[in-house]
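Chains, contacts and geometry: an overview
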Amino acid sequence: MNQNFGEGPVWKNIVSQAVPLTIAQLVQLLYNIVDRIYIGHLPDIGTEALTGIGLTFPIILFVTAFTNLFGMGGAPLCSIARGAGNTRRAEEVMTGSFTLLAGSSVVIMGICYLFMEPVLYLFGASDATYVYASGYLKVYLLGTVSVMIGTGMNFFINSQGFPKTAMVTTILGAFLNLVLDPVFIFLFDMGVEGAALATILSQTASAVWVMAFLLGKRPLLRFRKEFLRPSRKLVREITSLGLSGFIMSATNCAVQVVCNATVQSYGGDLYVGVMTVLNSVREILTLPVQGLTNGAQPVLGFNYGAKLYKRVKKGIVFTTAIGALYTAAAWLLVLLFPHFFIHLFNSDPELLDAGIHALRIYFFGFIFMSLQFSGQMVFVALGKSKQAIFFSLLRKAIIVIPLTLLLPVWGMGVDGVYWAEPASNLIGGTAAFTGMMLSVWRKELSQPDGT
């Protein structure tokens, strides 16, 4: 594996990073997707249990938001420092990010336990579904430290040019989850609590793998004791760049809260279950393009740090083109086979009918999502935190949430909730990509290499 991203064809560097990372992220779906598949097909209680698990998504995204804040915030800084040949700076960033991830995970776990009940009811739980939501979450939260360290520090394995090792992180956890889920759910008859237990044990194994690798001999960077207490300046730099990923997860959390509460108001528990399935399908279909853009980030960041601007441009073109082709194909699959995607999670005839209708609306114009990912990826990779934050907020907070609240009131009912997503993809995706082209492509990347 070549850790010098300034050599060789750019597209090959991106593919060498993106393919194992994409496989890893797809495999990581098994952590929660397998849970939902098993739970959604439980006899008699499957639909209510699936709805209950869906109500926990915003809290899980809350944990993910802080993982992105310190993990995705530190990794691009690490790549830029490596590209500039500043190893000490890269090690300072990696060590400081670890401290932030470990410390914040304990605090976040305590906060989530403290406010679990009122928050779940606020998110749209009914008395029938709260039992399953709280049962899952009480166990799942015990793995907060593991998931934040395992996922957050895995970015630093990838940023050093070891994507296959990063892939093993998620394959290891997903395989364990796949094996343990039926054991705890069915053999030990633990239901949703068994699904959560299988997940946290798998996450713990992944975290142990990550730290064992980073503390071993193969990595290019080392943890340094003198950097365990990050400076205020470094904390600001990491959080500033990580705010983009944080806001994306936090606003996803807010969107899911608003969506669940709105469909609960207009349709009841069944439509909260439909939203759970829609969110699950979206996770499946967006992860390949996320893997592509996440794999491109360290390559673009390295070449930007090395002032190889032509290579950065080539990387942007390649990533955008592949992303657009993939999202177009995914949209076609949804249109042709909606029954397959819904039936994967639940077999209730009523949920199937409502879900197929919702799926076709929700994924309309899915190709525009690729523009959001590409524009956002460039801003993060090149350390443009303000732009990354703005376009994160634009799509979710400024477009989706208001539309989710307003469209149902304007006579569209629950369909209004579904239409808010494609509208945000079109407006937000176009704006993010156009902003990137005007502010980065035409200005900074138009300079001669080395200047």
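Parameters at a glance
Residues numbered from 1 in each chain as written. Predicted model: local features only at pLDDT ≥ 70, side-chain atom pairs only at ≥ 80, totals over all residues. Heavy atoms only, no water. Core = buried A, V, L, I, M, F, W, Y, C linked by side-chain atoms within 4.5 Å. Buried < 20%, exposed > 50% of the residue type's maximum accessible area, 1.4 Å probe, protein only. Helix = DSSP H or I, 4+ residues; strand = E, 2+ residues; numbered from the N terminus. Contact = heavy atoms within 4.5 Å. Polar contact = N/O pair within 3.5 Å; in protein donor to acceptor, adjacent residues only side chain to side chain. Phe/Tyr/Trp six-rings, centres within 6.5 Å; stacked < 30°, edge-to-face > 60°.

1. Observations regarding the nonpolar core
In terms of nonpolar packing, the biggest core is built from 83 residues, with Leu120 and Met153 touching the most fellow members. The leading source of residues in this core is helix α10 (residues 232-266), at 10 residues. Aside from chain neighbours lying at most four places away, what touches leucine 120 is Leu55, Ile59, Ala125, Tyr130, Ala133, Ser134 and Leu137. One finds Phe302, Tyr304, Val380 and Leu394 within the second-largest nonpolar core, a separate group that totals 33 residues.

2. Observations concerning the side chain of serine 370
Mapping serine 370 onto the fold places it in helix α15 (residues 369-381). Separated by 2.7 Å, the side chain of serine 370 and the backbone oxygen of isoleucine 367 make a polar contact. Apart from the residues lying within four places of it in its own chain, the contact partners of serine 370 are Gly323, Ala324 and Thr327.

3. Describing the side chain of glutamine 203
One can find glutamine 203 in helix α9 (residues 191-214). Only 3.4 Å separates the side chain of glutamine 203 from the side chain of tyrosine 140, close enough to count as a polar contact.

4. Notes on the packing of aromatic side chains
How two aromatic rings sit relative to each other is given by the distance of their centres and the angle of their planes. Here the structure, examined in full by the defined rule, presents 17 aromatic pairs. With centroids separated by 6.3 Å and ring planes inclined at 45°, the aromatic side chains of tryptophan 11 and phenylalanine 318 adopt a geometry described as tilted. Separated by 307 residues along the polypeptide, tryptophan 11 in helix α1 (residues 10-40) and phenylalanine 318 in helix α12 (residues 309-336) bring together distant segments of the chain. Taking the centre distance of 5.5 Å and the plane angle of 70° together, the rings of tyrosine 362 and phenylalanine 363 count as edge-to-face. Overall, the relative accessible area of 4% leaves tyrosine 362 in the buried class. Aromatic rings pair up to connect Phe62, Phe66 and Phe246 into one cluster.

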